[in-house]
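Spelled out, the chains give:
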Amino acid sequence: MTTSNPSLKSDEKTVGMFSDKDLARMALSPGALGMEYSWNYQKQMSVPFCLMLAPMLKKIYMDDPKGYSDSLARHLEFFNVTHYLAPFVGGVVLSMEELVAKDEIKPEAVSQVKTALMGPISGIGDAFFLNTLRVVCAGIGVSLSLSGSILGPIVFLLAFNIPAFACRIFGARAGYHLGVSFLSKAQESGMMSKIVTAAGIVGIMVIGSMTVSMTSVSIPISFGSGESVTAIQSVLDGIMPGMLALVALIAYYIALSKKVSPMLLIVFTMAIGVAGAYFGVLG
């Protein structure tokens, strides 16, 4: 549904509370452009993502300070995605926050959908921007530079950044407009609860896949002699590949549920890793 906003010019079309110009400003804000510069091990891109959304959230919760503070806390949770596509996720999130402000969906739905988007969006973004476009543009730039042309670095920067910035702007618009129209229809038809449940399931699957791909734990100890030497790690892999990664995940989950500081866990992990490698217990 198209709504009017007195603060906007008559030729600006809006869906929900924000115009395309508002979304473009969000996509080019310091938070959006600084995703990799405010990265941390504990929550990764949470701070710049929240900074990107903050002015928009303030407008949504203009008359609700408690709602505004809750939304900021909600978006300071763990977040990590290919940063060129972060504005797309931001657009989807804004459309959902408008429904939260109207008490049409629960706040938890926003976090669940955001978590569910991280894995698929990162897979697409990394494959296109980092593994394809960047390599092709660098190849063209290097070829020009080797031939003595000053255009080498210029062509690389333009060929890579023009699509990247276009993706930021149009991604923010697409995410927001898709979110407003689709989520509104889903709410009216009763599909929202199914979407939230599905998003939660996908989010858990993403966390599970990240556990295997991002956690490396092995025991380089063998027993026996001669041809009968058996590695402990091969026995564990025969029982269930990635078993130690799963054990580590469970241990960290229990620790976090007991309010153990994430920074303390990071330091503890580093200490265990160094000691295990020194004594040959961990690989």
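Here the structure is shown first, and the text comes after it.
In this report, we go over the structure that sits alongside the text. (Residues numbered from 1 in each chain as written. Predicted model: local features only at pLDDT ≥ 70, side-chain atom pairs only at ≥ 80, totals over all residues. Heavy atoms only, no water.)

A few points about the pattern of salt bridges
Stated precisely, the cut-off is as follows: A pairing counts as a salt bridge when a side-chain nitrogen of Lys or Arg comes within 4 Å of a carboxyl oxygen of Asp or Glu. Only DSSP runs of H or I with at least four residues qualify as helices, and only runs of E with at least two residues qualify as strands; both kinds are numbered from the N terminus onward. Three exposure classes are used, based on accessible area relative to the maximum for each residue type with a 1.4 Å probe and protein chains only: buried under 20%, partly exposed in between, and exposed over 50%.
Taken as a whole and judged by the stated rule, the model has three salt bridges. For Arg 25, the salt bridge is made with Asp 22, and the minimal N-O distance between the two is 2.4 Å. With a gap of three residues between them, Arg 25 and Asp 22 both fall in helix α1 (residues 20–27), about one helical turn apart. On the basis of relative accessible area, Asp 22 is assigned to the buried category, the value being 10%.

Digging into the side chain of Lys 114
How we decide: What makes two residues a contact is simply this: any of their non-hydrogen atoms within 4.5 Å.
On the secondary structure map, Lys 114 appears in helix α6 (residues 107–146). Setting aside residues no more than four positions away along its own chain, Lys 114 makes contact with Phe 49, Arg 74, His 75, Phe 79, Val 89 and Val 93.

Here's the deal with the side chain of Ser 111
Rules: Between N or O atoms, a polar contact is any pair within 3.5 Å; within protein, one atom must be a potential hydrogen donor and the other a potential acceptor, and residues adjacent in sequence are included only when both atoms are from side chains.
By the secondary structure assignment, Ser 111 is in helix α6. Separated by 3.0 Å, the side chains of Ser 111 and Glu 77 make a polar contact. If we ignore the near neighbours within four places in the chain, the residues touching Ser 111 are Arg 74 and Glu 77.

A word on the packing of aromatic side chains
Aromatic ring pairs are defined here through the distance separating the ring centres and the angle between the ring planes. Keep this limit in mind: Ring geometry is summarised as follows: Phe, Tyr and Trp rings, the Trp one being its six-membered ring, pair when their centres sit within 6.5 Å, and such pairs are stacked at plane angles under 30 degrees, edge-to-face over 60 and tilted between the two.
A full pass over the atoms with the stated rule returns seven aromatic pairs. Where Tyr 84 meets Phe 160, the ring centres are 5.6 Å apart and the plane angle is 80 degrees; that geometry is what we call edge-to-face. Separated by 76 residues along the polypeptide, Tyr 84 in the loop between α4 (65–74) and α5 (86–101) and Phe 160 in helix α7 (residues 151–189) bring together distant segments of the chain. Phe 160 matches Tyr 84 in its accessibility class, with the two residues each being buried. Here a set of aromatic residues connected by ring pairs shows up, and it is made of Tyr 84, Phe 128, Phe 129, Phe 156 and Phe 160.

Focus: the nonpolar core
Applicable threshold: Nonpolar cores are built from buried Ala, Val, Leu, Ile, Met, Phe, Trp, Tyr and Cys residues. Side-chain atoms within 4.5 Å join them into one set.
Grouped together as the largest cluster of nonpolar side chains are 39 residues, with contacts concentrated most on Phe 49, Leu 53 and Leu 94. Contributions of two or more residues to this core are made by α1, α3 (46–60), α5, α6 and α7. Contacts of Leu 94, omitting those with residues within four sequence positions, involve Phe 18, Leu 23, Met 26, Leu 53, Met 56, Leu 57, Ile 60 and Tyr 176.

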